[in-house]
2 protein chains.
Amino acid sequence: MRLSQFHLHTSKETPAEAEIVSHKLMLKAGMIRKLAAGLYTWSPLGLRVLRKVERAVREEMNAAGAIEVLMPAVQPKELWEETGRWEKFGGQLLKMKDRKDAWYCYGPTHEEVITDFARNELSSYKQLPVNFYQIQTKFRDEIRPRFGVMRAREFLMKDSYSFHVSDEDLNREYRSMYDTYGRIFTRLGLKFRAVSADSGAIGGAVSHEFQVLAESGEDAIFFSDGSDYAANVELAEAISPGPRGAATEAMRKVDTPHQKTCEDVAALMGITLDRTVKSVAVMGTDAEGNPQFVLALVRGDHAVNEVKLGKLAGLAGYRLATEAEIAGHLGSEPGFLGPVKPAKAIRIVADRSVAAMSDFVVGANEKGFHLAGVNWGRDLPEPDEVADIRNVVEGDPSPDGKGTLQIARGIEVGHVFQLGDKYAKALKLTVLDANGKAATPVMGCYGIGVSRIVAAAIEQNFDENGIVWPEPMAPWQAVVCVINPKNDAAVAEAAQALYRDLNAAGVEAALDDRGLRPGAMFADIELIGIPHRIVVSERGLAAGTFEYRHRQASESENLDRTGVFAKFGK
Amino acid sequence: MRLSQFHLHTSKETPAEAEIVSHKLMLKAGMIRKLAAGLYTWSPLGLRVLRKVERAVREEMNAAGAIEVLMPAVQPKELWEETGRWEKFGGQLLKMKDRKDAWYCYGPTHEEVITDFARNELSSYKQLPVNFYQIQTKFRDEIRPRFGVMRAREFLMKDSYSFHVSDEDLNREYRSMYDTYGRIFTRLGLKFRAVSADSGAIGGAVSHEFQVLAESGEDAIFFSDGSDYAANVELAEAISPGPRGAATEAMRKVDTPHQKTCEDVAALMGITLDRTVKSVAVMGTDAEGNPQFVLALVRGDHAVNEVKLGKLAGLAGYRLATEAEIAGHLGSEPGFLGPVKPAKAIRIVADRSVAAMSDFVVGANEKGFHLAGVNWGRDLPEPDEVADIRNVVEGDPSPDGKGTLQIARGIEVGHVFQLGDKYAKALKLTVLDANGKAATPVMGCYGIGVSRIVAAAIEQNFDENGIVWPEPMAPWQAVVCVINPKNDAAVAEAAQALYRDLNAAGVEAALDDRGLRPGAMFADIELIGIPHRIVVSERGLAAGTFEYRHRQASESENLDRTGVFAKFGK
């Protein structure tokens, strides 16, 4: 590509509306242009990168045996009513009425459509397993679209859906997709982690997120420094710190008139936070559906994990207890709570690390007082339940017993789920099994945010001069820059020859023949993140050399033709 | 591709809802599956064909110097209000409201968006000319979606838009796109014609349609048997049949009490229809915007062309005159009208062929009478205006003077337009010209119905056994069919080797290893239209031959390996 024939349109200004670096750099580089909130046009430059991601995804999906289809973006309401999601999906679902007053939505995902396709296409176990995928435009009506294509409303996604006769076969395909995703992100040159994830509203029991690591990432990821264990904070397991120590202190009552937090109590007593216990009162329901008051205990230096707490029996949809409920059940007030002689029978759930404590400090359940030197079994009954109900923290032991947990930040770019029979059942998909009986297949679903990967890659790879593309995602591997092409025919000719020969050798090179001054030209090429820059100038030509510089190198080198080609292994 | 690993799903039944052959065959072959009215999922087989079309379009557009972008499907109302099309576009525009109650549409076309993109991206004449294109999903809310993907509501389109400093440069690019379209359809192996077309609602002065020829086509195309002239009926020019003959009869009044049509009058008088003149009364407006009564005259064997009539000065938006208006202006009633002594001053427009008539028959403008032996200048004043206002008919002389017009039927798959400054003006797009002054660029726009081409190709290429793909569009060039692969390892192995070797030689071959009986397998391969079929059987293997058959051949041939490869020029 000759840049004089290409629409490259960079900008020096930093756009005011952009909050994160990828959004800023994509606008400055002219990769995208905003049409309306969360709607972007991909310019020729941006589209080159997007297509590279799309191609890597397609080729790896094909290699893994998935089969490409293309479903409509517009989906009829009736199908979404069969799964109950027309109402449940919420405000992200963009709904519309056609000229016949029939309702449709712009598909944010395609479980309904693919399962409907499958119930027409699949009739026998012999057609299974099968994994259908598509690379297609989706729409989610975000409350606050922002960060450019990172959280756009209209975006490009690869979504795939597999169908199986058994959970074992689903597990096999799930593992294959997990590995395929790893190959895709590795091939794109990205640093990433696959993390165990809570599957949330999509349903299903097992799921993993693929996170591109970047300091600006919205999601915290915990990973082991001694194994490949990784999980997001909702799912990372906090294991017991070890056996409980022996009691060495006697229990005593401490006067804490104004000390209502663990921090205040620890400061007053001159002890560390991990000697204190925090008591959090919530209201859930018991097995019969009656209100149930629960006191959740975590160490003073830990935080309750709401998702983990919500997984305890009867606690889906719990809420914090009111002061009146606290007074009624505990006979005390917030700030001094503890699992001590409650006024009514309550459910007490201790975090694993709390169950392992000895000689600890806890609220006395009496206004103005805490208890110190407390020990389970001696001063208080053993807790009713011990469970993992806290957020892990950096330095926790890895739950697989290898190493300790470290924290990183990531941007979710992929997600794999085991859906089980949720959609197949709702849409009444069955196939005949080997015995001729109708059986409900189990499904997996596997998504990749194709357009989001472009932004995530920039969040991971940039410097003060612009984007630093991983080579597989760069618009071009190399740019041949011509100094003064209009006034120096020999230089222009030499540059064109080099550009042609590089492409002929399989190097994807562009020719910057726009006739800009060197400073402006180099700034553009750095901003748009081209890995290899080769300058052809009169002086170089006289010396038989080209000025070569890698995007991440601090200095340029003068290389002869052979040296230039060697940079590409040619 | 091994078909045992591919989701091929043909059907023996002829689907009841399908009215045309391409729709029937696409459903039977399992290329598409209906989701809802005008919404189709492309199956793996269908998508293979769609992608081949897409690729041919993309490669030829790139070769022509157009630059690919990707615009959002969802477009804000505000932009459509700037051009006035939010209201004017009509019911085909699918409108929707987002969670913030802002209105959007699902783009049926992208003139507004690309012009908005251009007004942000283009600021100088130096950036022109430029031609941006995209291959993207569009939606038109058809009143009656039908014929499968031929007239779907959601469809894949290539649309491009070029920007120029001058009409001359627009002409140059228009010609380049015209030629590019020819290359695309030729490359796809389609028989087509480029026809002059009325540009209709999109605006602009010059336009051509690209029509794939097929007997089932909706559009009539007139083409010359002596040149490459072709035009649709709206635009095909009807030239004068030659100089007017001399008067040989005297004018006489004929009693036609019940003869209100040219047919009836000709039958009564025993003359041919081309001796009669039909008078059509319409109401338009004059230059000042006042109502104007017009009498349009065409030969009895011809029909008024509404589009041509609408192009006469003052006649945009005309309508048929009412009986009261006719009585008021002509003093007569329908059935006996003619350009004879009108009651008020009226505008008389004669078609060119009418102006060339002598000794003709026309209404006497008096109930129950016609005039015969009429001659212009002698019996009636020469007509006020002579113009081309009729439909051409087969056998008319070609307007370029070479040959006569023939009729064919076609399916519109592409359209090129010169838009002029319509959109640039409405959206206030300007660039600085060479003198530093703001100038409004002129635009061209160029569309191809990517998904429609698939259906159109089938309408042109099928037989009683199914689809007969032009080789460039076939899902695979060849299929290697294995007889009894499960019970005959030697045959299976030989077939796999041939399949591998063909692909290695650059022949896109599939392997039908599904284990079907030969009859069912061959019926499938014929139905899906694969050009080359190669059967590997035990008997053939023993004789060292393969059974080769071309999709359009009536007999198969036994060929050795060399013979098979020779069929592909290898």
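The structure presented is a predicted model; accordingly, all values stated were derived computationally and were not measured.

Trainee: Help me get a handle on the overall build of chain A, residues and values and all.
Mentor: Along its length, chain A carries 16 helices and 31 strands. Along the three orthogonal principal directions, the C-alpha set of chain A runs to about 95 × 65 × 45 Å. Counting the 570 residues in chain A, one finds 55% classified as buried. Here the analysis covers contacts within chain A between residues at least 6 apart in sequence; of these, 69% occur between residues at least 24 apart. Accessible surface computed for chain A: about 23400 Å², of which carbon and sulfur atoms make up 49%.

Trainee: Could you give an account of the pairing of strand β8 (residues 154–164) of chain A, naming the residues involved and the relevant values?
Mentor: Residue and element names in this part refer to chain A. Most of β8 is tucked away: 11 of the 11 residues are buried. Covered by surrounding structure in β8 are Glu154, Leu156, Lys158, Ser160, Ser162 and His164 together with Phe155, Met157, Asp159, Tyr161 and Phe163, the residues of both alternating faces. With 10 bridges connecting them, strand β7 (residues 130–139) and β8 associate as antiparallel partners. Bridge assignment links Val130 to a residue of β8, and that residue is Phe163. By the bridge criterion, 8 bridges tie β8 to strand β24 (residues 442–449) in an arrangement that is antiparallel. When the bridges of β24 are listed, Phe163 appears paired with Met443.

Trainee: An account of the side chain of B:Glu154 is needed here, citing residue identities and associated values.
Mentor: On the secondary structure map, B:Glu154 appears in strand β8 (residues 154–164). We note that B:Glu154 is buried and unpaired, the nearest opposite charge coming from B:Arg153 at a distance of 8.3 Å. A polar contact of 3.0 Å, which involves the side chain of B:Glu154, links it to the backbone nitrogen of A:Val74. Leave out the neighbours within four places in its chain, and B:Glu154 touches A:Met71, A:Pro72, A:Ala73, A:Val74, B:Gly38, B:Leu39, B:Tyr106, B:Thr137, B:Lys138 and B:Phe139.

Trainee: So what's going on with the nonpolar core? Which residues, and what values?
Mentor: Residues A:Met31, A:Phe163, A:Trp469, B:Met31, B:Phe163 and B:Trp469 are the most contacted members of the largest nonpolar core, which totals 217 residues. Ignoring any residue separated from it by four or fewer positions in sequence, one finds A:Trp469 in contact with A:Met31, A:Val49, A:Val454, A:Ala457, A:Ile458, A:Ala474, A:Pro475, A:Ile528, A:Gly529 and A:Pro531.

Trainee: So what's going on with the domain arrangement of chain A? Which residues, and what values?
Mentor: Annotation of chain A at the domain level lists domain 1 (44–236 + 407–458), domain 2 (252–387) and domain 3 (476–567). Distance from the C-alpha centre of domain 2 of chain A to the C-alpha centre of domain 3 of chain A: 68 Å.

Trainee: Outline the relation of the copies chain A and chain B, listing residues and values.
Mentor: Put simply, the two copies of the chain differ by a rotation about an axis and a shift along that axis. Between chain A and chain B, the superposition needs a rotation of 179° and an axial shift of 0.2 Å, giving an RMSD of 0.5 Å. Both copies of the chain, as the preceding transformation shows, are related through a two-fold rotation axis. Residue A:Met96, judged by its C-alpha, is the member of chain A lying nearest the rotation axis, at 2.6 Å. Mapped onto chain B, 100% of the interface residues of chain A again fall at the interface, so both copies present the same surface.

Trainee: Break down the pattern of salt bridges for me, with residues and values.
Mentor: Here the structure, examined in full by the defined rule, presents 92 salt bridges over all chains. A:Glu54 serves as the salt-bridge partner of A:Arg58, at 3.3 Å between the closest nitrogen and oxygen. Residue A:Arg58 and its partner A:Glu54 are located together in helix α2 (residues 44–63), separated by 4 residues, close to a single helical turn. Of the two residues examined, A:Arg58 and A:Glu54, each falls in the buried class. A salt bridge links B:Lys253 to B:Glu366; the nearest nitrogen and oxygen atoms lie 2.8 Å apart.

Trainee: So what's going on with the sheet that holds strand β16 (residues 319–320) of chain B? Residues and values would help.
Mentor: Sheet strands line up and pair through hydrogen bonds in the backbone, either parallel or antiparallel. All names here are of chain B. Strand order in the open sheet formed by 5 strands is β16-β14-β15-β17-β20, and the pairing between neighbours is mixed. Each edge of the open sheet carries a strand with a single partner, namely β16 and β20 (385–387). Two strands pair when backbone bridges link them, and strand β14 (residues 277–285) and β16 are joined in this way by 2 bridges, in the antiparallel orientation. Residue pairing across strands places Met283 opposite Arg319, the latter belonging to β16.

Trainee: Let's hear about the sheet that holds strand β19 (residues 369–374) of chain A: which residues, and what values?
Mentor: All names here are of chain A. With respect to topology, 3 strands assemble into an open sheet ordered β13-β19-β18, the strand pairing being antiparallel. Each edge of the open sheet is held by one strand with a lone partner, namely β13 (252–255) and β18 (360–366). Sheet twist, expressed as the average angle between the axes of neighbouring strands with direction ignored, equals 35°. Here β18 runs beside β19; their pairing, made up of 4 bridges, is antiparallel. The residue bridging Glu366 from the neighbouring strand is Phe369, located in β19. Sheet strands touched by helix α7 (residues 262–269): β13, β18 and β19. Its angle to β13, the strand with the most contacts, is close to 100°.

Trainee: Report on the interface of chain A and chain B, specifying residues and quantitative values.
Mentor: On the chain B side, the residues contacting the 54 residues of chain A number 54 residues. Buried surface at the junction of chain A and chain B, summed over both partners, amounts to about 4600 Å²; 59% is from carbon and sulfur atoms. Contact with chain B buries area across many residues of chain A, yet A:Leu35, A:Leu70 and A:Arg99 alone supply 15% of it, more than any other trio. Where chain A touches chain B, the interface holds 6 salt bridges. The partner of B:Arg153 in a salt bridge is A:Asp98, and the shortest N-O contact between them spans 2.8 Å. If you look at where chain A meets chain B, you find 26 residue pairs in polar contact (both at pLDDT 80 or more). Tallied by class, the residues present in the side of chain A that touches chain B amount to 29 nonpolar, 10 polar and 15 charged.

Trainee: Please give an account of the packing of helix α1 (residues 21–28) of chain A against helix α12 (residues 450–460) of chain A that cites residues and values.
Mentor: Residues and elements named next belong to chain A. Running from N to C, α1 and α12 cross one another at 105°; their axes reach a closest spacing of 8 Å. Taken together, the axes of α1 and α12 lie roughly perpendicular to each other. Taking contact as the criterion, the partners of Val21, Ser22, Leu25 and Met26 in α1 are, on α12, Val454, Ala455, Ile458 and Glu459. For the contact of α1 with α12, the residue count by class is 6 nonpolar, 1 polar and 1 charged.

Rules used throughout
Residues numbered from 1 in each chain as written. Chains lettered and ligands numbered in written order. Predicted model: local features only at pLDDT ≥ 70, side-chain atom pairs only at ≥ 80, totals over all residues. Heavy atoms only, no water. Helix = DSSP H or I, 4+ residues; strand = E, 2+ residues; numbered from the N terminus. Buried < 20%, exposed > 50% of the residue type's maximum accessible area, 1.4 Å probe, protein only. Contact = heavy atoms within 4.5 Å. Areas by Shrake-Rupley, 256 points an atom, 1.4 Å probe, with all protein chains shown as cover. Pairing = 2+ DSSP bridges. Lys, Arg positive; Asp, Glu negative; His and termini not counted. Salt bridge = Lys/Arg side-chain N within 4 Å of Asp/Glu carboxyl O. Polar contact = N/O pair within 3.5 Å; in protein donor to acceptor, adjacent residues only side chain to side chain. Core = buried A, V, L, I, M, F, W, Y, C linked by side-chain atoms within 4.5 Å. Domains from an automatic or database assignment. Least-squares fit on C-alpha atoms with pLDDT ≥ 70 in both. Axes fitted to C-alpha atoms, helices over the stretch in contact; angles between N-to-C directions. Buried area = accessible area lost by both parts, 1.4 Å probe. Nonpolar A, V, L, I, M, F, W, Y, C, P; charged D, E, K, R; others polar. Parallel < 35°, antiparallel > 145°, perpendicular 65-115°, else oblique.

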